[in-house]
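# Reading the structure
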Amino acid sequence: MKVPFFDRTRGDCAVEGELVEALRRLVTSGQYVLGREVEGFERRAVEYLGAAHAIGVSSGTDALLVSLMALGVGPGDEVICPAYSFFATAGAIARLGAQPVFVDVREADLAIDPEALARRVSPRTRAVVPVHLFGLAAPMDAIRQASGTAPVVEDAAQAFGARDGGRSVGTMGALGCFSFFPTKNLGGFGDGGLVTTEDAALAERVRVLRVHGGKPKHHHALVGGNFRLDALQAALLGVKLAGVDALTEGRRAHAARYRALFAEKGLLGSVELPPDTPEHTYNQFVIRVRDGKRDALRDALKEWGVGTEVYYPVALPHQPCFAHLGHRPGDFPVAEAAARDTLALPIFAELEEREVAYVVEGVARFFRDQFGGKNPM
Ligand SMILES: *Cc1c(COP(=O)(O)O)cnc(C)c1O
């Protein structure tokens, strides 16, 4: 058997008719950038997320960039972010000439540690960017409190639909940033993103920055960029949005199955499973494999026919492009351990039950071989 790490075609083919219908509507509309399709998608996103405002943008990366621009982040500013995330979280800060100030993550959920965060807030802190990693809401109340008066920009790129006590991620900070990259829970057919905010003035600023800061057109009080969402993406995302809850439920069912099978096979002493909370949306199902065995397990699973990924092999402060910040190995112990230990298993909604079982069987075989053919349990 072969289990792909990710396969979008299974789900997309199931709604092919609706996707083609949306495409037909687009082709006959003649409006390919922003316009009615984007406005319609923004309205539906507002409704789904319970946000006051939603602005469709060109990618999750650009959502972060334009949000920080809307807050006036620039050279000389510090922006706090976790030491463990996808690169764009820190990249957006650095691109504006601001300094990313890295804070270690918590062991339990790999979210930015609110206590460590509070210690790094300074008069130069212009914003704080927590990440809702792998589809699980970060502890926003503690993060907001730790941030003091600094605005919080939620990197919700991996967490569309994730909630915390019923509140949607992206609605709890000053601004929320979503990605519709094809691997995200609400995956588009190319790049796309969304900015959410409860603040009408910030929403207006993001809208203006999205079109080079032109308002009225060709008059620029601000320097923005081309951060526009294509009508094509908006039209197709509208089809996917209608089914996103079912996809998330599919991911949750696989997560529950993984938990049951890992327990049944006596593997809970060998691997650690992600936090078990009902509001997790499992953009990734990331296990921890200690004692330096992660890469060997990954190789063994590959041989067994199972695709996996490592999110992320290098903690952000140790990326070569941030060498000038002078961070040393050991400065971010939790993030550094995560970089060594994390392994993402297949979790896409259309995975089959027998495929999940096959993945766990591959893990079980690996640990049986490790213990000389004897099951450690
Ligand atoms: C995917 C992702 C982004 C960037 O989104 P793109 O749409 O790929 O630009 C930013 N932050 C995190 C945490 C992500 O996972």
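Every value quoted in this text rests on a predicted model; they were computed, and no experiment measured them. Counting from 1, residues in each chain are numbered in the order their sequence is written. Totals for whole chains, interfaces and linings use every residue, but because this is a predicted model, local features are given only for residues with pLDDT of at least 70 and side-chain atom pairs only at 80 or more, for both listing and counting. Computation of side-chain values: all heavy atoms of the structure, hydrogens and water removed.

### Considerations on the site of the ligand
Summary of the distance rule: residues count as near a molecule or strand when at least one heavy atom falls within 4 Å of that molecule or strand. Taken together, the neighbourhood of the ligand is formed by 16 residues, with Gly60, Thr61, Gln158, Ser179 and Lys184 sitting nearest. At a separation of 2.7 Å, an oxygen atom of the ligand approaches a polar backbone atom of Gly60. The term polar contact refers here to a pair of N or O atoms within 3.5 Å; inside protein, the definition further demands a hydrogen-donor-capable atom paired with an acceptor-capable atom, and it admits residues adjacent in sequence only when both atoms are side-chain atoms. Between an oxygen atom of the ligand and a side-chain N or O atom of Gln158, the distance comes to 2.8 Å. Listing elements by their share of the shell around the ligand, those giving two or more residues are helix H4 (60-70) and helix H5 (87-95). A run of H or I in DSSP counts as a helix once it spans at least four residues, and a run of E counts as a strand once it spans at least two, with each numbered from the N terminus. In terms of residue count, H4 provides more of the shell around the ligand than any other element does, three residues in total. Nonpolar residues are Ala, Val, Leu, Ile, Met, Phe, Trp, Tyr, Cys and Pro. Charged residues are Asp, Glu, Lys and Arg, and all others, Gly as well, are polar. Here the shell around the ligand is built from residues that sort into six nonpolar, eight polar and two charged.

### Details of the environment of Gly17
Within the secondary structure, Gly17 is located in helix H2 (residues 16-29). A C-alpha to C-alpha distance of 19 Å links Gly17 and Asp7, two positions 10 residues apart in sequence.

### Considerations on the pattern of salt bridges
Between Lys or Arg on one side and Asp or Glu on the other, a salt bridge is scored when a side-chain nitrogen of the former is within 4 Å of a carboxyl oxygen of the latter. The final tally for this structure, using the stated rule, is 28 salt bridges. Residues Arg25 and Glu37 are paired through a salt bridge, measuring 2.9 Å at the closest nitrogen-oxygen approach. Highlighted residues: Arg25 in helix H2 and Glu37 in helix H3 (residues 35-49), separated in sequence by 12 residues. Burial classes follow relative accessibility: with a 1.4 Å probe on protein chains only, a residue under 20% of its type's maximum area counts as buried, one over 50% as exposed, and anything between as partly exposed. For Glu37, a relative accessible area of 15% puts it in the buried group. A cluster of three or more residues bridged by salt bridges with shared partners is formed by Glu107, Glu272, Arg288, Arg290 and Asp341.

### What to know about the domain arrangement of the protein chain
Splitting the protein chain by domain gives domain 1 (8-242) and domain 2 (244-308 + 346-370). Measuring from the centre of the C-alpha atoms in domain 1 to the corresponding centre in domain 2 gives 28 Å. The partner domain 2 presents 21 residues to the 26 residues of domain 1 that form the contact. As used here, buried area is the combined drop in accessible area, with a 1.4 Å probe, of two parts when they are placed together. Counting the surface lost from both domain 1 and domain 2, the interface buries some 1,800 Å², and carbon and sulfur atoms represent 47% of this. Taken as a group, Arg10, Phe134 and Asn185 account for 38% of the area that domain 1 buries against domain 2, more than any other trio of residues on that side. Connecting domain 1 to domain 2 are three salt bridges. Linking Arg288 and Glu107 is a salt bridge whose minimum nitrogen-to-oxygen distance equals 3.7 Å. Our enumeration of links across domain 1 and domain 2 arrives at 15 residue pairs in polar contact (both at pLDDT 80 or more). Broken down by element, the residue count for the side of domain 1 that touches domain 2 peaks at three residues, all from helix H9 (residues 231-242). Domain boundaries shown here were taken from an automatic or database domain assignment. The contact criterion used is simple: two residues touch if any of their non-hydrogen atoms lie within 4.5 Å.

### Topic: the state of the cysteines
Cysteine sulfur atoms that come within 2.5 Å of each other are treated as a disulfide pair. Per the counting criterion, the structure on display carries zero disulfides. The cysteine Cys81 is free of any disulfide, with Cys321 supplying the nearest cysteine sulfur at 11 Å. Exposure remark for Cys321: the relative accessible area of 42% places this residue in the partly exposed category.

### Some points on the sheet that holds strand S1 (residues 53-57)
If you trace the four strands from one edge of the open sheet to the other, you get S1-S9-S8-S5, paired in mixed fashion. Each having just a single partner strand, S1 and strand S5 (153-155) make up the two edges of the open sheet. On average, each strand axis in the sheet is inclined to that of its neighbour by 20°, with strand direction left out of account. A pair of strands counts as paired when DSSP detects no fewer than two bridges linking them. Here S1 pairs with strand S9 (residues 193-197) via five bridges, running antiparallel. What sits directly across from Ala54, in S9, is Thr196. Axis lines are fitted through C-alpha atoms, for helices just across the contact stretch, and the angle between N-to-C directions can take any value from 0 to 180 degrees. Packed on one face of the sheet, H3 meets S1, strand S8 (175-179) and S9 and runs near 130° to S1.

### Re the packing of aromatic side chains
Ring pairs are drawn from Phe, Tyr and Trp, using the six-membered ring of Trp, whenever the two centres fall within 6.5 Å, and their geometry is named by plane angle: stacked under 30 degrees, edge-to-face over 60, tilted for the rest. Here the structure, examined in full by the defined rule, presents 16 aromatic pairs. Ring geometry for Phe41 against Phe180: centres 5.5 Å apart, planes inclined by 80°, an arrangement best described as edge-to-face. Taken as a pair, Phe41 in helix H3 and Phe180 in the loop between S8 and S9 lie far apart in primary sequence, 139 residues in all. We classify Phe180 as buried; its relative accessible area is 1%. Three or more aromatic residues joined by ring pairs make a cluster, and in this case those are Phe5, Tyr84, Phe86, Tyr311 and Tyr312. For Lys184, the ring lying beneath its charged end belongs to Phe86, and the centroid distance is 5.9 Å. Cation placement over rings: the criterion is NZ of Lys or CZ of Arg within 6 Å of the ring centroid and within 35° of the ring normal.

### Observations regarding the sheet that holds strand S3 (residues 99-103)
Spatial strand order, S3-S2-S4: three strands in an open sheet with parallel pairing. Only two strands of the sheet have a single neighbouring strand rather than two, namely S3 and strand S4 (125-128). Direction aside, the axes of adjacent strands within the sheet are offset by 30° on average. Across five bridges, the pairing between strand S2 (residues 78-82) and S3 is parallel. Bridge pairing in S3 places Val79 opposite Pro100. Across the sheet, H5 touches S2 and S3, and the angle it forms with S2 is around 175°.

### Observations regarding unusual backbone geometry
The phi angle of most residues is negative, glycine excepted, and most peptide bonds adopt the trans form. Note the cis peptide between Lys215 and Pro216, where omega equals -10°. Within the secondary structure, Pro216 is located in the loop between helix H8 (200-210) and H9. Note the cis peptide between Tyr311 and Tyr312, where omega equals 5°. Here Tyr312 is to be found in the loop between helix H11 (294-304) and helix H12 (333-341).

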